[in-house]
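Next come the chains, spelled out residue by residue.
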Amino acid sequence: MGFDYLSSEQVQKIHEASLEILKKIGIGNRSKRMRDLLLDNGCKEKGDRILFTQDVIDKGLKTVPKSFQLYGRRDNYTLDIGAKKSYCQTVVGCPSVMDLETNRRRDCLVQDLADMTRLADALDYIHIVSPLFPRDVPQEIILTMETAILLKSTSKPLSICVESPAELKYIIELLAAVAGGRVALRQKPLATMPISTISPLEFGLHPADALIDIVEAGIPLGVEPAPQAGATAPISMAGLVAMHNAEMLAGAVAAQLVRPGAPLTLSSRAGFMDMRSGQGLWGMPEFGLAAAAMNQMGNFYQMPVAPGAFSGESKTADAQSAMEHMHNALAPALAGSDILGSAGSVDSVQAACYKMLVLDNEISSVIQKSIKSPLVDEDSLAVDAIAEIIEQKGDFLGHKHTRKYMRSGALWTPSLIARQTYEQWEAHGKALEEIAAERAKELLATHAVLPLADGLEKEFDAIIAAAKRELMPSDAE
Amino acid sequence: MVKEEVLAKITQYVFEGDPELVAEWTDKAIAAGLEPLAIINEGMTKGIEMVGEHFAAGDYYLPDLILGAKAMDAGIQKLEPLLAGINREFIGRVLIGTVAGDLHEIGKNIVIMMLKTSGFEVFDLGIDVPSRQFIDKAKEYKVDIIGISALLTTTVSRQKEIIDLLAAEGMRDKVKVIIGGAPINQAWADKIGADAYAPDASAAATIARRIVGAGA
């Protein structure tokens with residue numbers, strides 16, 4: 001099933017506008033390393049901005065890999081990024097969480113990071129895990145701590161958003177320890193690392209330096225600016241997509257100049273501003289439509305795409321959030337997506353929610369069914385079966401054709417959605433979010449994660465201790 | 001043209017958020033011999049108050065509010081050479097900025113517009129502001145309130161640093177501190193000893209008015 005939100009003519013026009021933006025307006029930047037890289041490769045400087053030339057853009061776009069593999073630490077858990085499989089990734093960076101018992105928002109703690117990660121590990125249609133941002137760890141080494149907890153609490157692939165290069169060394173050491181060395185990590189990356197440049201069209205200092213370091217380390221990069229239409233980007237869809245596309249292409253080109261062939265994803269996150277309150281919204285339907293449009297742009301360039309998707313305005317798991325997440329995830333999925341981000345989020349990704357992660361798993365399962373075209377061949381067209389059944393005055397229920405296709409997944413099987421008689425519902429019916437809460441509790445009580453190999457925890461402790469010594473010198477004894 | 005008509009035009013164009021026309025009609029008002037303070041108080045302020053009323057009533061949105069404030073600024077700029085030595089009346093002074101290491105400014109800018117339309121004099125330090133600078137400028141401008149914005153979870157701790165610096169300078173009881181930003185909440189404000197947390201721009205203006213005793 002496919003969805004062309006933009007016609008191919010519109011894609012072409014937006015592409016041309018994006019190039020014009022890169023060449024005329026260029027990108028802001030505060031990193032000397034990034035400046036040197038871009039100017040050495042032929043970009044021009046105009047005031048405090050760096051302008052791209054057609055030659056630099058052509059050179060950069062030519063070497064972006066169409067696909068790459070992402071690995072979990074469990075055997076045979078390999079994701080084909082580039083094959084448009086709409087893998088589901090959990091939300092990154094929430095400093096708050098909806099408490100599973102009280103359904104009230106509170107600070108995210110280390111225990112929540114471990115629990116949310118373990119819950120994601122248990123849910124079949126969650127494929128990649130990103131960290132929450134717990135507040136009860138020293139903020140100087142937060143990403144190092146998060147990476148260690150993620151690796152302990154799931155055997156699935158990770159995505160670790162890096163705000164600055166400060167902790168990168170330790171994050172990579174942790175991943176390499178699990179992968180069996182740095183060479184092994186490059187060959188079979190266990191994580192993507194998105195960086196969030198600043199909209200409109202600004203690399204900043206830390207995101208720019210982190211981009212260079214991630215690419216040099218051979219870890220797949222995510223280029224993830226997050227513009228707000230109407231505030232930090234045009235409010236018109238065409239202008240929003242043209243500018244967002246330009247800032248992502250700038251990141252992609254820069255990455256290729258660091259190391260041609262560096263794997264990356266274009267990770268769109270185009271929200272909009274509420275024109276009354278000034279709140280940044282990742283709401284329905286514009287967020288999902290912009291993600292669909294951005295996916296079409298990425299697919300036009302044949303680059304992997306990883307938009308934010310499972311998002312909405314609702315403050316908790318309820319009818320509103322289910323509606324919002326379904327729309328915002330399905331629209332980009334149908335336009336062709338490699339990864340769909342933000343699962344388990346509420347309130348425009350300001351808070352994480354256990355129940356919502358369980359609901360998003362169900363939505364992800366529907367999406368997996370919906371993106372695949374049905375099999376159409378002689379057997380599945382079933383002309384012979386129809387003839388036989390009509391001749392024998394039988395029914396389809398008692399025919400082998402039905403059994404065969406039922407077993408091969410003709411019907412989607414829900415794990416949460418209730419399918420019962422009215423009487424059963426009247427007697428035992430529950431709200432979907434209540435079922436999701438029970439499922440979350442049950443999985444947290446029972447799910448065991450594949451343990452780390454012997455000796456790894458000790459290695460982790462040593463790496464964390466080294467990070468503390470370097471990044472928190474005042475705490476040293 | 002009679003003076004009332006010129007002032008009515010200025011009011012109208014501030015209300016419609018048209019900086020070019022407000023500048024043009026301010027020139028005409030000056031040429032007609034109107035007093036600068038009369039142009040502000042009977043022309044522009046009326047317009048910006050109407051903007052505020054329509055925003056509160058729900059038929060004006062943020063772009064209307066910001067363009068209204070910009071239109072008024074365009075007129076004020078024309079008057080500036082004539083305003084030397086004349087004190088405009090403000091309900092209070094606010095210093096505002098985004099913390100060091102953080103380049104996000106849109107939320108802060110909306111707060112600034114809200115504060116200006118509420119009658120505050122606002123000093124904007126911009127983005128990526130070293131903590132020390134908040135202290136130095138607060139002293140220099142003798143502000144009533146400091147507003148500190150942070151969006152990144154890795155930069156929010158700068159808000160605490162600034163509050164601690166204020167205390168170290170013996171200034172903590174002289175200024176009120178309002179904090180804001182996507183990862184901020186009341187619990188964080190309590191923890192670091194901020195006077196208030198503003199969940200959105202309207203709330204920031206309401207809190208600021210309450211602080212200076214101007215009511216909500």
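Structure: above.
Residues numbered from 1 in each chain as written. Chains lettered and ligands numbered in written order. Predicted model: local features only at pLDDT ≥ 70, side-chain atom pairs only at ≥ 80, totals over all residues. Heavy atoms only, no water.

Novice: Let's hear about the sheet that holds strand S17 (residues 345-346) of chain A: which residues, and what values?
Specialist: Residues and elements named next belong to chain A. Spatially, S8-S7-S18-S17 is the arrangement adopted by the four strands of the open sheet, whose pairing is mixed. The open sheet has two edge strands with one neighbour each: strand S8 (105-107) and S17. Across three bridges, the pairing between strand S7 (residues 96-98) and strand S18 (residues 351-353) is parallel. Bridge pairing links Met98 to Cys353 in S18. (Pairing = 2+ DSSP bridges. Helix = DSSP H or I, 4+ residues; strand = E, 2+ residues; numbered from the N terminus.)

Novice: Which residues make up the packing of helix H12 (residues 354-370) of chain A against helix H17 (residues 432-446) of chain A, and what values go with them?
Specialist: Residues and elements named next belong to chain A. Where H12 contacts H17, the two axes come as close as 8 Å, and the packing angle between them is 100°. The pairing of H12 with H17 is recorded here as roughly perpendicular in orientation. Packed against H12, whose contacting residues are Tyr354, Lys355, Val358 and Leu359, the element H17 presents Leu432, Glu433, Ala436, Ala437, Arg439, Ala440 and Leu444 at the interface. (Axes fitted to C-alpha atoms, helices over the stretch in contact; angles between N-to-C directions. Parallel < 35°, antiparallel > 145°, perpendicular 65-115°, else oblique. Contact = heavy atoms within 4.5 Å.)

Novice: Talk me through the pattern of salt bridges; I want residue IDs and the actual numbers.
Specialist: In total, this model carries 35 salt bridges over all chains according to the counting rule given. A salt bridge links Asp347(A) to Lys315(A), with the nearest nitrogen and oxygen atoms 2.9 Å apart. With Asp347(A) in the loop between S17 and S18 and Lys315(A) in the loop between helix H10 (286-300) and helix H11 (319-334), this pair connects stretches of sequence that are 32 residues apart. Across the pair Glu24(B) and Lys28(B) runs a salt bridge, and its minimum N-O distance is 3.6 Å. You can see Glu24(B) and its partner Lys28(B) sitting in helix H2 (residues 19-31), four residues apart, about one turn around the helix. (Salt bridge = Lys/Arg side-chain N within 4 Å of Asp/Glu carboxyl O.)

Novice: If you had to explain the environment of Gly42(A) to someone new, which residues and values would you point to?
Specialist: Its place among the elements puts Gly42(A) in the loop between helix H2 (32-40) and strand S2 (44-46). Overall, Gly42(A) belongs to the partly exposed group, its relative accessible area being 25%. (Buried < 20%, exposed > 50% of the residue type's maximum accessible area, 1.4 Å probe, protein only.)

Novice: Go over the interface of chain A and chain B, please, and point to the residues and values.
Specialist: Between chain A and chain B, the residue contacts involve 22 residues of the former and 22 residues of the latter. Carbon and sulfur atoms supply 56% of the area buried between chain A and chain B, which totals about 1,800 Å² over both sides. The largest contributions to the chain A side of the interface with chain B come from Glu163(A), Met275(A) and Arg276(A), which together make up 33% of the buried area. The interface formed by chain A and chain B includes one salt bridge. Salt-bridge contacts for Asp128(B) lead to Arg30(A); the nearest nitrogen and oxygen are separated by 3.3 Å. Classifying every residue of the side of chain A that touches chain B by side-chain character gives six nonpolar, nine polar and seven charged. (Buried area = accessible area lost by both parts, 1.4 Å probe. Nonpolar A, V, L, I, M, F, W, Y, C, P; charged D, E, K, R; others polar.)

Novice: Lay out the state of the cysteines in plain terms, naming residues and giving numbers.
Specialist: Tallied over the entire structure, the rule returns zero disulfides over all chains. You can see Cys94(A) has no disulfide; the closest cysteine sulfur is in Cys108(A), sitting 7.9 Å from it. (Disulfide = S-S within 2.5 Å.)

Novice: Explain the sheet that holds strand S1 (residues 27-28) of chain A to me, using residue names and the numbers behind them.
Specialist: All names here are of chain A. Taken together, the three strands give an open sheet; going across it, the order is S1-S3-S2, and neighbouring strands pair in antiparallel fashion. Strands at the two margins of the open sheet, each flanked by one partner only, are S1 and S2. As paired elements, S2 and strand S3 (residues 49-51) share three bridges and run antiparallel to each other. The residue bridging Lys46 from the neighbouring strand is Arg49, located in S3. In the packing of helix H1 (residues 8-25) onto the sheet, contacts are made with S1, S2 and S3, and the angle to S3 comes to roughly 125°.

Novice: Give me the pairing of strand S16 (residues 339-343) of chain A: which residues, what numbers.
Specialist: Residues and elements named next belong to chain A. Taken across its five residues, S16 has five buried, putting it largely inside the fold. Judged from the three bridges that link them, strand S6 (residues 87-90) and S16 form a sheet pairing that is parallel. Within S16, the residue paired with Thr90 across the bridge is Ala343.

Novice: Could you give me a rundown of H11(A), with the residues and numbers involved?
Specialist: Residues and elements named next belong to chain A. In this model H11 runs 22 Å from its N-terminal to its C-terminal C-alpha over 16 residues, within 8% of the 22 Å that 1.5 Å per residue would give. Restricting attention to buried positions, one finds in H11 the residues Ser321, Glu324, His325, Asn328, Ala329, Ala331, Pro332, Ala333 and Leu334. On its buried side, H11 packs onto H10, S16, S17 and H12. Directly beyond the C-terminal end of H11, a positive phi value near 100° is found at Gly336. (Expected span 1.5 Å × (residues − 1).)

Novice: Provide a residue-level description of the side chain of His401(A), including the pertinent values.
Specialist: Residues and elements named next belong to chain A. Examined against the element boundaries, His401 turns out to sit in helix H15 (residues 400-407). A distance of 2.9 Å separates the side chain of His401 from the backbone oxygen of Asp379, its partner in a polar contact. Every residue in contact with His401, bar those within four places of it in the chain, is listed here: Asp379, Ser380, Ala382 and Ala385. (Polar contact = N/O pair within 3.5 Å; in protein donor to acceptor, adjacent residues only side chain to side chain.)

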